[in-house]
Amino acid sequence: MKIRTSKKIRRGAGQVCLHVFFTGLCFLTLIPVLYAVSVSLNAENSLLGSNFRFIPESFTLNNYLAVFTDYPVMLWLKNSMILAAATLAMSLTVGVPAAYVFSRRRFAGRNAILKALILLYSFPSVLSMFAIYKLLGPIGLVDNRLGLILIYAGTMAVFALLNMKGYFDSIPQEIEEAASIDGAGSFSLVSRVVMPLARPSILVTAVMILIYVWNEYLFATTFMTGAENYTLAAGLYSLQATEISGSWPVFAAASLVISFPILLVFFAIQRYMTSGLTAGGVKG
């Protein structure tokens, strides 16, 4: 009896230490966010001053008001939303069916294509910038929103294919065989059996694509010129182009504002990320 009690005490103490450790780790990761919140609420344009405090002495909300009144943030938001919606639609429309085909079908050149895609995707995107510019320039897609959408969709379609293929590989083929025995056709098999099971992975892939488009800066500033074409990432950088004329509190406020939509999307789909996936899918 004493041995069992001692084991329970040690197990409980271990769990408490583990929770304390991860709580402290979460707090450490939140320090940059808390720092940005503190700077955004500060009436003084001081970032690293000796008198800086996490709780500002001169508290103000004018920095958040300036984000919407002094800068075209809503225009940048509109541009980013258009790019994100188009990229999501094209990437998932191409990537998800392709991932299913590569997972379930065996055809000549399959492994070679997958290896080539992985190899191409492993190179930094900046290396392909000149080649993409030479391809899009003659057909008038430089400084054109469609050109940027094609760049994003081409990159993220490969990501969706590689990410979703691994998930489709984990779905037992017995589920599809059982549905085929019950009389399900090819379209019904995919739309009513496979896709519902793949919903959590599709949502996670969609969020990863959304985050990429939301934060992408290099292509957005290279292939689109003019403040009216800025995305949120490009517009945010323009707020702090120079340390002399820029306002750190406004910059911090803008950073938090443009992060809020992504945070909402994450919380909205959080329950799908931990769902039971294929639990109970195979007939007994």
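Remember, predicted model here, so these are calculated numbers, not experimental data.

What counts, and at which threshold
Residues numbered from 1 in each chain as written. Predicted model: local features only at pLDDT ≥ 70, side-chain atom pairs only at ≥ 80, totals over all residues. Heavy atoms only, no water. Helix = DSSP H or I, 4+ residues; strand = E, 2+ residues; numbered from the N terminus. Buried < 20%, exposed > 50% of the residue type's maximum accessible area, 1.4 Å probe, protein only. Contact = heavy atoms within 4.5 Å. Expected span 1.5 Å × (residues − 1). Polar contact = N/O pair within 3.5 Å; in protein donor to acceptor, adjacent residues only side chain to side chain. Core = buried A, V, L, I, M, F, W, Y, C linked by side-chain atoms within 4.5 Å. pLDDT = per-residue confidence, 0-100. Axes fitted to C-alpha atoms, helices over the stretch in contact; angles between N-to-C directions. Parallel < 35°, antiparallel > 145°, perpendicular 65-115°, else oblique. Nonpolar A, V, L, I, M, F, W, Y, C, P; charged D, E, K, R; others polar. Left-handed = near helix turned anticlockwise from the far one by under 90°. Phe/Tyr/Trp six-rings, centres within 6.5 Å; stacked < 30°, edge-to-face > 60°. Salt bridge = Lys/Arg side-chain N within 4 Å of Asp/Glu carboxyl O.

A.B. asks: Give me the lowdown on the overall build of the chain, citing residues and values where you can.
C.D. replies: Across its full length, the chain carries 11 helices and 0 strands. Each helix and strand of the chain, placed in order from N terminus to C terminus, yields the pattern α-α-α-α-α-α-α-α-α-α-α. The buried share of the chain, reckoned over its 284 residues, is 33%. Contacts in the chain between residues at least 24 apart in sequence constitute 71% of all its contacts with a sequence separation of at least 6.

A.B. asks: So, helix H6 (residues 145-170): which residues are in play, and what are the values?
C.D. replies: In this model, H6 (26 residues) spans 37 Å end to end at C-alpha, consistent with the 38 Å of a helix rising 1.5 Å per residue. Its side-chain oxygen placed 2.8 Å from the backbone nitrogen of Leu 146, Asn 144 serves as the N-cap of H6.

A.B. asks: Just give me the short version of the nonpolar core, but keep the residues and values in it.
C.D. replies: Nonpolar side chains tend toward joint burial in soluble globular proteins. With 34 residues, the main nonpolar core has Leu 148, Tyr 152, Phe 219, Phe 223 and Leu 232 as its most contacted residues. Put simply, the parts of the chain that give this core at least two residues each are helix H2 (62-69), helix H3 (73-104), helix H5 (129-136), H6, helix H8 (186-215), helix H9 (218-223), helix H10 (232-239) and helix H11 (248-273). Among the elements that line this core, the one with the most residues is H6, at 7 residues.

A.B. asks: How would you summarise the confidence of the model for the chain if you had to cite specific residues and measurements?
C.D. replies: Detail in the predicted coordinates should be disregarded across regions flagged by low pLDDT. Overall, the prediction assigns the chain a mean pLDDT of 81, with 87% of residues at 70 or greater. When mean pLDDT is taken per element in the chain, H3 scores highest with 91 and helix H7 (residues 173-181) scores lowest with 78. In this model residues 276-284 is a low-confidence stretch, pLDDT under 50, and it forms 11 contacts with partners more than four residues away in sequence or in other chains.

A.B. asks: Go over the packing of H3 against H10 with me, naming the residues and quoting the values.
C.D. replies: Two elements in contact, H3 and H10, have axes separated by 8 Å at closest approach and are oriented at 150°. Put simply, H3 runs roughly antiparallel to H10. Residue-level inspection shows Val 73, Trp 76, Leu 77 and Ser 80 of H3 in contact with H10, the latter providing Leu 232, Gly 235, Leu 236, Ser 238 and Leu 239. Looking at the contact of H3 with H10 residue by residue, the class counts come to 6 nonpolar, 3 polar and no charged.

A.B. asks: Residue-level account of the packing of H6 against H8, with values.
C.D. replies: Packing of H6 against H8 leaves a shortest axis separation of 10 Å and a crossing angle of 145°. Relative to H8, H6 is oriented so that their crossing is right-handed. Residue-level inspection shows Tyr 152, Thr 155, Met 156, Phe 159, Ala 160, Asn 163, Met 164, Tyr 167 and Phe 168 of H6 in contact with H8, the latter providing Val 194, Met 195, Leu 197, Ala 198, Ser 201, Ile 202, Thr 205, Met 208, Ile 209, Tyr 212 and Val 213. Looking at side-chain class alone, the contact of H6 with H8 contains 16 nonpolar, 4 polar and no charged residues.

A.B. asks: Can you break down the side chain of Ser 91 residue by residue, with the values?
C.D. replies: Within the element layout of this structure, Ser 91 appears in helix H3. Among the residues examined, Ser 91 registers a relative accessible area of 0% and is labelled buried. Ignoring sequence-local partners within four residues, the contact set of Ser 91 consists of Val 96, Tyr 152, Ala 153, Met 156, Ala 157, Ala 160 and Ile 209.

A.B. asks: Got a sec to walk through the packing of aromatic side chains? Specific residues and values, please.
C.D. replies: Going through the model one piece at a time under the given rule, you end up with 10 aromatic pairs. Ring centres of Tyr 100 and Phe 168 lie 5.5 Å apart, and the angle between their planes is 85°; on these two criteria the pair is classed as edge-to-face. Taken as a pair, Tyr 100 in helix H3 and Phe 168 in helix H6 lie far apart in primary sequence, 68 residues in all. For Tyr 100, a relative accessible area of 9% puts it in the buried group. Overall, the relative accessible area of 0% leaves Phe 168 in the buried class. Where Tyr 152 meets Tyr 212, the ring centres are 5.7 Å apart and the plane angle is 85°; that geometry is what we call edge-to-face. Taken together, the residues Tyr 152 in helix H6 and Tyr 212 in helix H8 connect sequence positions 60 residues apart. The exposure class assigned to Tyr 212 is partly exposed, which follows from its relative accessible area of 23%. Through a chain of ring-to-ring contacts, the aromatic side chains of Tyr 133, Phe 219 and Phe 223 assemble into a single cluster.

A.B. asks: Summarise the pattern of salt bridges; cite the residues concerned and give the values.
C.D. replies: Under the counting rule described, the total for this entry stands at 1 salt bridge. One salt bridge connects Asp 169 with Lys 165, and the closest N-O pair in it is separated by 2.7 Å. Within this pair, Asp 169 and its partner Lys 165 are both found in helix H6, separated by 4 residues, close to a single helical turn. Asp 169 gets classed as partly exposed once you look at its relative accessible area, which sits at 40%.

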